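Okay, here's what each chain looks like letter by letter:
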Amino acid sequence: MTRIGDAALVTRAGMIEWVGPLAALPRDLASSATHRVDLSGRWVTPGLIDCHTHLIFGGNRSAEFAERLRGTSYADIARRGGGILSTVRATRAASDAQLTAAALRRLDALLAEGVTTVEIKSGYGLTEHDERRMLHIARELGRARPVRVRTTFLGAHALPEEYAGRAGQYVADLAETWLPRLAAEGLVDAVDVFCEHIGFSVDDAQRVFASAQRLGLPVKMHAEQLSNVGGSRLACRYSALSCDHLEFTTPADVAALAAAGTTAVLLPIAFYSLRETRRPPVPALREQRVPMAVATDCNPGSAPTASLLLAMNMAVQLFGLTSDEALAGATRCAARALGLQTQCGELAPGLGADFAVWDVESPDELCYWAGFNPLVAVVRGGGIVRGMSDQDVRVAHD
Ligand code: NIG
Ligand code: FE
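Notes on the structure follow. (Residues numbered from 1 in each chain as written. Chains lettered and ligands numbered in written order. Predicted model: local features only at pLDDT ≥ 70, side-chain atom pairs only at ≥ 80, totals over all residues. Heavy atoms only, no water.)

**Thoughts on the coordination of the iron ion (ligand 2)**
For the iron ion (ligand 2), the protein coordination sphere consists of His-52 (NE2), His-54 (NE2), His-222 (NE2) and Asp-297 (OD), at 2.1 to 2.3 Å. Site description for the iron ion (ligand 2): donor spacing in sequence, H-x1-H-x167-H-x74-D. Of the two residues, His-222 sits in strand E9 (residues 219–223) while Asp-297 sits in the loop between strand E12 (292–294) and helix H13 (308–319), which places them 75 residues apart along the sequence. The exposure class of His-222 is buried, given its relative accessible area of 3%. Residue Asp-297 is classed as buried on the basis of its relative accessible area of 1%. (Donors = N, O, S within 2.8 Å, 3.2 Å for Na, K, Ca; no water. Helix = DSSP H or I, 4+ residues; strand = E, 2+ residues; numbered from the N terminus. Buried < 20%, exposed > 50% of the residue type's maximum accessible area, 1.4 Å probe, protein only.)

Take a look at the structure:
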């Protein structure tokens, strides 16, 4: 990432108009400014982007967590109908108001760390009605708070109990019936599949992706988290925006990601929480120039968190990213994982004026702290949404 000391940044109508060294700021831009903010030497980054969350869910799974502490595995809990399915039961039982209130607490924690764009998946409803509720609530969250929300349909997250033994029928229903209707209602920005031995097969994923393709929707995949069933290679055939997790990805998969221009989304908090030992192939991804994003994976099972800064810290500590890679992972590469690279993720003219102001000595500090938040202020779409009072905003030439 380029670092500019003593910089100036000019915004107009919600967009970045100019950024560079203060000494190079064109005179006409400086003199036509209506408001000027002196940030007293603080660092400014693009607004952070959390490109993989399951933010909306009922209840939590602290009881299962306690069980895992005593030695039961995540996959064993899933196989006996716990795991994702226990959150499905809690989500179906919760009212819209309860789901919204719980999600807002987590969203507010993300926003307090400078997040200005968040992806939110469905996938704990698993009926057409409950998936629709989740996607509606996700859209509502974007209206309730100053954040850009991208929704992802994850009907293929787990096989619901009422379809036990009928996976083919479930996939047919969600791909051919629910998804077209939800998409027509404007609720779906992308489509995801949990492709895994405890999730959906490559054939199932192919059927979901074919439907997404017919609807003109981009796809993503939870791939190679616990095993390798060939998920990312299929996703790359559909030019997936991203493949996420990737602990069990092979060199051939990495080559496919590179050829497809697919972003690798690294989720170190899930790796940490599940006490995984196999890491995603970061050196190979780096060598093949696959963009690496970093996200929270906020969910009640494998990543009970609402801290993107912590994910950045774990990405450097556990996966070996550099501090520049971690910051790019939560900004520029995260935007690519959502197909938003022409709208946000960088401080560049023509992109949205979304940025975060930090009280740090250098951007390296953002992934240095493990549980400390040095955020000072946030601008989203050119408006100050956090942290700066009117006194900080002075009219030019006063
Ligand atoms: O990204 N792997 C599937 N989905 C989530 C876990 C969801 C859950 O356990 O509730 C993940 O890790
Ligand atoms: Fe996930």
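**Quick word on the layout of surface pockets**
The calculated volume of the largest pocket comes to roughly 1,600 Å³. As for the largest pocket, its lining consists of 47 residues, and the residues nearest its centre are Ala-7, Ala-8, Leu-9, Val-10 and Leu-39. The element that contributes the greatest number of residues to the lining of the largest pocket is strand E1 (residues 7–12), accounting for six residues. By residue class, the composition of the lining of the largest pocket is 26 nonpolar, 10 polar and 11 charged. (1 Å grid on protein atoms, 1.4 Å probe; cavity = no way out; pocket = protein on both sides within 12 Å on 5 of 7 lines; lining within 4 Å. Points joined across faces, edges and corners; volume = space filled by probe spheres on them. Nonpolar A, V, L, I, M, F, W, Y, C, P; charged D, E, K, R; others polar.)

**Quick notes on the sheet that holds strand E13 (residues 355–358)**
Taking strand neighbours across the sheet as the criterion, the four strands line up as E4-E13-E14-E15 in an open arrangement whose pairing is antiparallel. In this open sheet, the two strands that pair with only one neighbour each are strand E4 (43–46) and strand E15 (383–386). Averaged over all adjacent pairs, the angle separating strand axes in this sheet is 30°, with direction ignored. (Pairing = 2+ DSSP bridges. Axes fitted to C-alpha atoms, helices over the stretch in contact; angles between N-to-C directions.)

Function cannot be inferred from these measures alone, as they are strictly geometric.
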